[in-house]
Amino acid sequence: MNTPPSCPFHAAAADPAPQVHASGIWPPGPPAGLTGWSLLRRMSRDLLGTLAAWQRRHGDVVHLRIWPEHQVVVSDPQLVRELLAGQHDALIRWERGVQVFSQVHGNSVLIAEGAAWRAQRQALQPGFSQKSVQAFVPTIAAATERALAQWPAQAADWPLESAFAALTMDVIMRRMFSAEIGDDARTAEEAVHVAGVVANAEMYWPASWPDWMPWKGAKRRALRALNDLVDRHLQARLDLPRPAWPEDLLTRLLDLHRGDPTVWTLRAVRDECMTAFLAGHETTAATLTWWAWCMAAHPSAQDTARQEVVAVLGGRAPTADDLPALRYLQQTLQETQRLYPAVPVLMGRRATRSLALGGWQLPARCLFMVPLHLMHHDPRWFPEPEAFRPERFADGAPAFPRGAFMPFGTGPRVCLGQHLALTEMTVIAAMLLQGFALSASAGMAPPRPVLNVTLRPEQPLRLALGPPSEFR
Ligand code: HEM
């Protein structure tokens, strides 16, 4: 990550101490009227556009009075790092967000807090370390090779988004269960979509209607399909004798269960599997989808990336040792994540005690919102922020502040799967460029990003496929 150089002699002059405000004084923000609920309505219509407008008007720390809450939107990179890393101990996740997600994720590492979360995170971490991900590269390459072999050599209108969903599901299934997704891909994709739309809508309600309400049939069916998928694999493993269990995430979790079945109940094992399945494919598929669009919309960047892939790999599949040499390809993925962060706004945080941030004294129970999308599109750090420029991430490119680009979050709750995601996306992108050229059909408008838990194109993305020689 690029960091601006700082002069030890002039640090004070270059970085004046922020003004300290007395407690009880809130940062500036939009007028809230009597309840502030109109602000909520504006946000529910267009969250990213609304937050951008408020930042332009009120700055990097914006106060929203939405009765009964006080919310503070923080979009200054240094303050975000100070909040999420430096003041992590003073924060829990926004209760309503946790409640909505827990309907699917149970009490997994994504949901838990405090000592329970720390123990879960520690237990899972080794399965997602850089080293263990490297050993997994041949499996990712095998899954990719198999998927790409089913793609037509030429197509005018190939449903890329579905294809990436199936492939990334297959990769995470192999990681968790040593099994392929196979025919479950379509049902699972539909279920994930429905669960996401419902969760996004429920986030804005103070409470959820019970799931047995007649109008909640689609949600019931979606949750049943996801639970069935995970339970089937869990049961199949339990039916095997221990010596026949393969080395994978499920075996790791079941060994924890065998060691201490009161802490690691079968329910807890199932919850972690569900989170790994959902968090482990949706964000990766969304990022690859946006990357494919960026490649189609910028043929010269696609060409440069392909030339690099051909120079490093020729026609063979990548190994872990090859990945560092695919620098430009990785820059195209980074620039895609800057423009289209799969998680554009982090789950809200609530202060469990009063805390000081950027000169403001903020009381206990204050809510914080961190809009990564806004930070990634800030012209102070990324000139012409809407332009696709992989060179921003080249060694020696102009520096931007630490924290201005953080697609995986930061601090102790940073994404557990970031090494897996980066490795997987690089392998898939390299192999795709070896076999195919991506292009947009003539007159195709850029897809409109919409927030549906992850940032997605409003309409499922379809692109033209052709032989790669077309561009050389
Ligand atoms: C491009 C792909 C991905 C992106 C952009 C992404 C992004 C994120 C972000 C921003 C967070 C932090 C949320 C917060 O602070 O509120 C997060 C957390 C998490 N991610 Fe990812 N993620 C990706 C892939 C993955 C993969 C492949 C896995 C594998 C299982 C995964 C598992 C998790 C888990 C378990 C958490 C919760 C960690 C905790 O709370 O301790 N993610 N992810």
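Turning our attention to the site of the ligand. The ligand sits among 23 residues. The nearest are Gly 280, Thr 283, Gly 409, Cys 415 and Gly 417. At the level of elements, helix 13 (266–297) and helix 17 (418–435) are the ones that each hand at least two residues to the shell around the ligand. Per-element tally for the shell around the ligand: the top contributor is helix 13, with seven residues. Looking at side-chain class alone, the shell around the ligand contains 14 nonpolar, seven polar and two charged residues.

Turning to the nonpolar core, a few remarks are in order. If you look at the biggest cluster of nonpolar residues, it comprises 121 residues, and the most contacted ones within it are Val 74, Met 176, Leu 226, Ala 292 and Ala 429. Sorting elements by how many residues they give to this core places helix 13 first, with 18 residues. Contacts of Ala 429, omitting those with residues within four sequence positions, involve Trp 291, Leu 329 and Leu 333.

What follows is about the sheet that holds strand 3 (residues 91–93). Strand order in the open sheet made by the five strands is 1-2-8-5-3, with mixed pairing throughout. Two strands close off the open sheet at either side, each with one partner strand: strand 1 (61–66) and strand 3. Averaged over neighbouring strand pairs, the angle between their axes works out to 30 degrees when direction is ignored. Pairing analysis gives six bridges linking strand 1 to strand 2 (residues 69–74), with the strands arranged antiparallel. Looking at strand 2, one finds that His 63 is bridged to Val 72.

Over its twelve residues, helix 3 (residues 47–58) extends 16 Å from the first C-alpha to the last, a length consistent with the 16 Å expected when each residue adds 1.5 Å. Taken residue by residue, helix 3 has Leu 51, Trp 54 and Gln 55 as its buried positions. Seen along its axis, helix 3 keeps its buried residues to an arc of 100 degrees; they face one direction. Counted as exposed and oriented over 90 degrees from the buried face of helix 3: Gly 49, Arg 56 and Arg 57. Turning to helix 3, the residues buried within the fold contact strand 1, strand 2 and helix 16 (372–376). Two residues or fewer past helix 3, Gly 59 is found with a positive phi of approximately 105 degrees.

Position of Ser 75 among the secondary structure elements: in the loop between strand 2 and helix 4 (77–86). Spatially, the C-alpha atoms of Ser 75 and Arg 413 are 18 Å apart, while their sequence positions differ by 338 residues. If we skip the residues at most four places from it in the chain, Ser 75 touches Gln 55, Asp 60, Pro 371, Leu 374 and Met 375.

This part is about the packing of helix 14 (residues 299–313) against helix 17. For the pair helix 14 and helix 17, the least separation of the axes is 9 Å and the interaxial angle reads 95 degrees. Comparing their axes, helix 17 and helix 14 come out roughly perpendicular. Here Ala 305, Arg 306, Val 309 and Leu 313 of helix 14 lie close against helix 17, whose contacting residues are Ala 430, Leu 433 and Gln 434. A class-by-class count of the residues in the contact of helix 14 with helix 17 yields five nonpolar, one polar and one charged.

When you line up the elements, Thr 50 lands in helix 3. The exposure class of Thr 50 is partly exposed, given the 16 C-beta atoms found within 10 Å. Note: C-alpha distance between Thr 50 and Tyr 328 (278 residues apart in sequence) is 34 Å.

Further remarks concern helix 11 (residues 217–238). With 22 residues, helix 11 ought to run about 32 Å at 1.5 Å a step, and its terminal C-alpha atoms sit 31 Å apart, in line with that. Residues of helix 11 that are buried include every one of Lys 219, Ala 222, Leu 226, Leu 229, Val 230, His 233 and Arg 237, and no others. The arc that holds every buried residue of helix 11, seen down its axis, measures 110 degrees, which confines them to one face. Of the exposed residues in helix 11, the ones pointing more than 90 degrees away from its buried face are Gly 217, Arg 224, Gln 235 and Ala 236. Where helix 11 is buried, its residues contact helix 5 (95–105), helix 9 (160–177), helix 10 (184–202), helix 12 (249–259) and helix 13.

Here we take up unusual backbone geometry. Of the consecutive residues Trp 67 and Pro 68, the connecting peptide bond is found in the cis state with omega at 10 degrees. Secondary-structure assignment places Pro 68 in the loop between strand 1 and strand 2. The phi angle at Arg 365 is positive, at roughly 80 degrees, despite the residue not being glycine. Mapped onto the fold, Arg 365 is located in the loop between strand 7 (360–362) and strand 8 (367–369). You can call Arg 365 partly exposed: it has 13 C-beta atoms within 10 Å. In the Ramachandran plot, Glu 384 falls in the positive-phi region, its phi being about 45 degrees despite a non-glycine side chain. Within the secondary structure, Glu 384 is located in the loop between helix 16 and helix 17. The class for Glu 384 is exposed, based on 8 C-beta atoms found within 10 Å.

Next up on the list: the sheet that holds strand 12 (residues 462–466). In spatial order, the strands read 4-12-9; together these three strands make up an open sheet with antiparallel pairing. The open sheet is flanked by strand 4 (155–159) and strand 9 (437–439), the only strands paired with a single partner. On average, each strand axis in the sheet is tilted by 45 degrees relative to the strand beside it, whichever way the strands run. With three bridges joining them, strand 9 and strand 12 adopt antiparallel strand pairing. Residue pairing for strand 12: Ser 439 is matched across the bridge by Ala 464. Against the sheet, helix 9 touches strand 4 and strand 12, its axis set at about 45 degrees to strand 4. Each of strand 9 and strand 12 touches helix 13; the most contacted strand, strand 9, lies at about 85 degrees to it.

What counts as what
- Residues numbered from 1 in each chain as written.
- Predicted model: local features only at pLDDT ≥ 70, side-chain atom pairs only at ≥ 80, totals over all residues.
- Near = placed C-beta within 6 Å.
- Helix = DSSP H or I, 4+ residues; strand = E, 2+ residues; numbered from the N terminus.
- Nonpolar A, V, L, I, M, F, W, Y, C, P; charged D, E, K, R; others polar.
- Core = buried A, V, L, I, M, F, W, Y, C linked by C-beta atoms within 7 Å.
- Buried ≥ 20, exposed ≤ 12 C-beta atoms within 10 Å, placed from the backbone.
- Contact = placed C-beta atoms within 7 Å.
- Pairing = 2+ DSSP bridges.
- Axes fitted to C-alpha atoms, helices over the stretch in contact; angles between N-to-C directions.
- Expected span 1.5 Å × (residues − 1).
- Arc of directions from axis to C-beta.
- Parallel < 35°, antiparallel > 145°, perpendicular 65-115°, else oblique.

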